[in-house]
2 protein chains.
Amino acid sequence: MTASGTPVTSASDMAEPADTVRVPVALGERSYDILIGRGVLGEAGALIARRIPGCRAAIVTDSTVGRHHLETLESSLAEAGIDCSAIVVSPGEGSKNFATFEQVVDAVIAGRFERGDAIVALGGGVVGDLAGFVAGVVRRGMHFVQIPTSLLAQVDSSVGGKTGINVSHGKNLVGVFHQPDLVLADTGVLDTLSERHFRAGYAEVVKYGLINDADFFVWLEENWRDVFAGGPARTHAIATSCRSKAAIVARDERESGERALLNLGHTFGHALEAATGYGDRLVHGEAISIGMVLAHDFSVRMNLASKDDADRVRAHFAGVGLPTTLAEIPGDLPDADGLMTLISQDKKVSRGSLTFILTHGIGKAFIAKDVVPDAVRDFLAEAKAAGART
Amino acid sequence: MTASGTPVTSASDMAEPADTVRVPVALGERSYDILIGRGVLGEAGALIARRIPGCRAAIVTDSTVGRHHLETLESSLAEAGIDCSAIVVSPGEGSKNFATFEQVVDAVIAGRFERGDAIVALGGGVVGDLAGFVAGVVRRGMHFVQIPTSLLAQVDSSVGGKTGINVSHGKNLVGVFHQPDLVLADTGVLDTLSERHFRAGYAEVVKYGLINDADFFVWLEENWRDVFAGGPARTHAIATSCRSKAAIVARDERESGERALLNLGHTFGHALEAATGYGDRLVHGEAISIGMVLAHDFSVRMNLASKDDADRVRAHFAGVGLPTTLAEIPGDLPDADGLMTLISQDKKVSRGSLTFILTHGIGKAFIAKDVVPDAVRDFLAEAKAAGART
């Protein structure tokens, strides 16, 4: 029997379509590759068969993504001799709940999938987080393959092994770390995304520049239109993002330190998502676009970063059409105290003190512990007032 | 913030009551100690405070165990300055289900317990498996302390990091590996167990002799009455069992090989538990008592072990009052084909072939892959027929 999660073939003997970029994630015996390029979805069967010989596959997808891409995946698996069945959930964040989790778990077990078989997540972040959690707990861990179909999932949620569901108290509060065996990011499937959702995912791409790669931020300022258009610039942006995240995750798999940098903009962002009901009013990428602008503005307020840098960040997000202010969020928002309550409910709270990702400037983010809650509250009150005045 | 699962103090600077036996479990950065002795429950607060400084504690227990021991634990935690609250579930295997799992998860999150806090399981195997799974998934992993209150839990389920719940298709099919930070086995609390449940737990003690320690089996043949009576023999038997399991787990944490030896008697046993509804008709220890006898008899049938050894195993189990034959199970059982279906649903199935733990004799268990299902079926048919004749 093959132990769950153990690489079966070495990373170097896999084949992939030409022009595919391979980003290795170095996690010892849990190491794996991310393959990025146009057309990798059509090669999924052969790639999975090489990585996890003899496996069967339980595909988890949602009805929207399934309509576009399930047939391609199933054909590819069939060609490679991989027996599979599909479990289709409803699209949207609502599926990251206990009821759907239990349904998918039951379906996998009813399908007699074993530890040596694979859960294949075909979809965006919701499907990936849900399916990964299922893969992490059925028979205490099955193989797991991510085929992210949104830009957000390709550059963020499909890399790094975080899985989970939401509970009434907040997002992603229940889950496990369960690394995939393989990630296949087909840049072509992003052509089926709406402009709004592509843009939202792009906010996470910019994040990698802002965390620790000022050159990449400059490159994005100059080339973002090509990233949106598709082609080699898109592949480059996704590969650079994955490489950046992979390096951070490799150094701190379980988020005991540096990995928290990936939360740049997320403490503010999660509070805004909670305030707007995690729905169409404000999608995740839009929330963290505003959140990253707020993180830079707050860093300026704390005399940590220059106003020029913060303005440049705001200008780039605004330039691509992402929201950058609280005033752009449709509908009412809680007041500053209400937002602070949401912030303190966020999981990155340690012993009651606030931990924020702040910055010394573009590409110079850092983890600030013991941020004084009152300073954040006053800053948010002003940000809200500024919105009310416009 | 302290990463979940990271030892905060080294094992060697903990204090414990005199006459306590310490069994280290060597799992690298997930290493921990099992402390075994009369009275360790009363020292739980100080021991936990040393191991996980500054933690709060969410106690998970059942109403029966809680009635006997919750007050002692709460007092000890309070004395050590550990803020705690208790989550009480119904006693019995029925609590290892999705609904109770979700309730406990929600209660822990509602109580604002963070990654640096601890879930403390006070109870038998059900509570430990359930609470451990909760600790493994809330905020993707919290600290975890096991205080097993049954003999079964002290020598088996509290050691090794397996956690989980049952689903309609079978036991323990959903869960995670999540090692505790500390295990406190108070041999005194076993005085409140019924004779039947102590005896059932004793079957797991005997298992360690049968797997790879013939001398321990001989010692048990000679000293089992003292183990039942309490005192130093009981502590010795529990410590020997834990040491044996710890050594196996240390060599194979995720059960990719040797750890499967711990399933001696369990493939038959689980099928019998499933056939009898996981209830009072046949408790786990009784099922594996019969299962271990069957495993030895089947090994004799396969010309692997001597009939003398198998008879000696049967004699010891029967001598302490444990069941050793299918005929002793009250009520009807499925026929051999029905039992085979239950066996093939057990999770230790790999690619459709049957893996059994068989033996070359007392202390000489081994993993037999590709056991021919028909041979098992015929053996079970005869075992059933033998029961019908008596």
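Keep in mind that this is a model prediction, so the values were computed, not measured.

Colleague: Before we move on, could you go through the domain arrangement of chain A and cite the residues and values that matter?
Modeller: All names here are of chain A. As far as domains go, chain A holds domain 1 (11–193) and domain 2 (207–389). If you average the C-alpha positions of domain 1 and of domain 2, the two centres end up 27 Å apart. With 31 residues of domain 1 in contact, the opposing surface of domain 2 contributes 24 residues. With both chains or domains summed, domain 1 and domain 2 bury close to 2,400 Å², and 59% of this area falls on carbon and sulfur atoms. Three residues, Val155, Lys171 and Phe177, lead the burial of domain 1 against domain 2; their summed loss comes to 23% of the area buried on that side. Joining domain 1 to domain 2, the criterion identifies 5 salt bridges. Counting every contact that joins domain 1 to domain 2 gives 10 residue pairs in polar contact (both at pLDDT 80 or more).

Colleague: Could you give me a rundown of the packing of aromatic side chains, with the residues and numbers involved?
Modeller: The full count for this structure, using the stated rule, is 22 aromatic pairs over all chains. Here the aromatic residues Phe98, Phe101 and Phe133 of chain A together with Phe98, Phe101 and Phe133 of chain B are joined through ring pairs into a cluster of three or more. Across the ring face of Phe113 of chain A, the terminal group of Arg56 of chain A is positioned such that the distance to the ring centre comes to 4.2 Å. The aromatic ring of Phe177 of chain B is capped on one face by Arg140 of chain A, whose charged end is 6.0 Å from the ring centroid.

Colleague: Could you give me a rundown of the confidence of the model for chain A, with the residues and numbers involved?
Modeller: Here chain A shows a mean pLDDT of 92. Residues at 70 or above account for 93%. This model gives residues 1–14 of chain A a pLDDT under 50, and the stretch forms 38 contacts once residues within four places in sequence are excluded.

Colleague: Can you lay out the pairing of strand E6 (residues 143–148) of chain A for me, pointing to particular residues and giving the numbers?
Modeller: All names here are of chain A. With respect to burial, E6 is a largely interior element, 6 of its 6 residues being buried. Going residue by residue along E6, you find His143, Val145 and Ile147 tucked away on one face and Phe144, Gln146 and Pro148 tucked away on the opposite face as well. By the bridge criterion, 6 bridges tie strand E5 (residues 118–123) to E6 in an arrangement that is parallel. Counterpart to Ile119 in the pairing with E6 is Phe144. Each parallel crossover has a hand, and the one from E5 via helix H4 (residues 125–137) to E6 is right-handed. Taken together, the 2 bridges between E6 and strand E9 (residues 182–186) define a ladder with parallel strand orientation.

Colleague: Hey, could you go over unusual backbone geometry for me, with residue numbers and the actual values?
Modeller: Positioned with a positive phi, Arg139 of chain A is a non-glycine residue whose angle comes to about 55°. By secondary structure assignment, the location of Arg139 of chain A is in the loop between H4 and E6. For Arg139 of chain A, a relative accessible area of 9% translates into the label buried. In the Ramachandran plot, Asp370 of chain B falls in the positive-phi region, its phi being about 55° despite a non-glycine side chain. By the secondary structure assignment, Asp370 of chain B is in strand E12 (residues 365–371).

Colleague: Help me get a handle on the interface of chain B and chain A, residues and values and all.
Modeller: Counting residues at the interface gives 43 residues for chain B and 43 residues for chain A. Carbon and sulfur atoms supply 50% of the area that chain B and chain A bury against each other, a total of about 3,800 Å² over both sides. Counting every contact that joins chain B to chain A gives 0 salt bridges. The interface formed by chain B and chain A includes 10 residue pairs in polar contact (both at pLDDT 80 or more). Among the secondary structure elements, those contributing two or more residues to the side of chain B that touches chain A are helix H3 (98–110), helix H4 (125–137), strand E8 (170–174), helix H12 (336–345) and strand E10 (349–350) of chain B. Element by element, the count of residues in the side of chain B that touches chain A is highest for H3 of chain B, at 7 residues. Split into classes, the residues belonging to the side of chain B that touches chain A amount to 17 nonpolar, 12 polar and 14 charged.

Colleague: Can you lay out the UniProt feature "binding site: Zn(2+)" (unreviewed entry) in chain A for me, pointing to particular residues and giving the numbers?
Modeller: Residue and element names in this part refer to chain A. Here the UniProt feature "binding site: Zn(2+)" (unreviewed entry) sits at Glu204, His266 and His284. In summary, the annotated positions, though distributed over 81 residues, converge in three dimensions, the widest C-alpha pair being only 10.3 Å. You can see Glu204 is positioned in helix H6 (residues 195–212). Residues contacting Glu204, with those up to four places away along its chain left out, are Leu152, Val155, Asp156, His266, His284 and Ile288. Within the fold, His284 resides in helix H10 (residues 284–301). Take His284: its relative accessible area is 14%, and that puts it in the buried class.

Colleague: Which residues make up the sheet that holds strand E9 (residues 182–186) of chain B, and what are the values?
Modeller: Pairing between sheet strands relies on hydrogen bonds along the backbone, with the strands arranged either parallel or antiparallel. Residue and element names in this part refer to chain B. Read across the sheet, 7 strands follow the order E1-E2-E9-E6-E5-E3-E4 without closing on themselves; strand pairing throughout is mixed. Strand pairing shows two members of the sheet lacking a second neighbour, strand E1 (21–25) and strand E4 (84–89), which therefore form its edges. The sheet shows a mean angle of 15° between the axes of neighbouring strands, direction not considered. Pairing geometry for strand E2 (residues 32–37) and E9, over 5 bridges, is parallel. Residue pairing across strands places Asp33 opposite Leu182, the latter belonging to E9. Of the strands in this sheet, E2, strand E5 (118–123), strand E6 (143–148) and E9 are in contact with helix H1 (residues 44–51), which crosses E9 at around 165°. Across the sheet, H3 is in contact with strand E3 (57–62), E4 and E5; its angle to E4 comes to roughly 165°.

Colleague: Tell me about the relation of the copies chain B and chain A, residues and numbers included.
Modeller: For the match of chain B to chain A, the screw axis carries a shift of 0.0 Å, the RMSD comes to 0.0 Å, and the turn is 180°. Taken together, the rotation angle and the small translation identify this as a two-fold axis. Same-surface contact between copies: 100% of interface residues of chain B are shared with the interface of chain A.

Basis of the calculations
- Residues numbered from 1 in each chain as written.
- Chains lettered and ligands numbered in written order.
- Predicted model: local features only at pLDDT ≥ 70, side-chain atom pairs only at ≥ 80, totals over all residues.
- Heavy atoms only, no water.
- Domains from an automatic or database assignment.
- Contact = heavy atoms within 4.5 Å.
- Buried area = accessible area lost by both parts, 1.4 Å probe.
- Salt bridge = Lys/Arg side-chain N within 4 Å of Asp/Glu carboxyl O.
- Polar contact = N/O pair within 3.5 Å; in protein donor to acceptor, adjacent residues only side chain to side chain.
- Phe/Tyr/Trp six-rings, centres within 6.5 Å; stacked < 30°, edge-to-face > 60°.
- Lys NZ or Arg CZ within 6 Å of the ring centre and 35° of its normal.
- pLDDT = per-residue confidence, 0-100.
- Buried < 20%, exposed > 50% of the residue type's maximum accessible area, 1.4 Å probe, protein only.
- Helix = DSSP H or I, 4+ residues; strand = E, 2+ residues; numbered from the N terminus.
- Pairing = 2+ DSSP bridges.
- Right-handed = clockwise from strand over helix to strand, strands pointing away.
- Nonpolar A, V, L, I, M, F, W, Y, C, P; charged D, E, K, R; others polar.
- UniProt positions renumbered as here; feature names shortened; annotations may be inferred.
- Axes fitted to C-alpha atoms, helices over the stretch in contact; angles between N-to-C directions.
- Least-squares fit on C-alpha atoms with pLDDT ≥ 70 in both.

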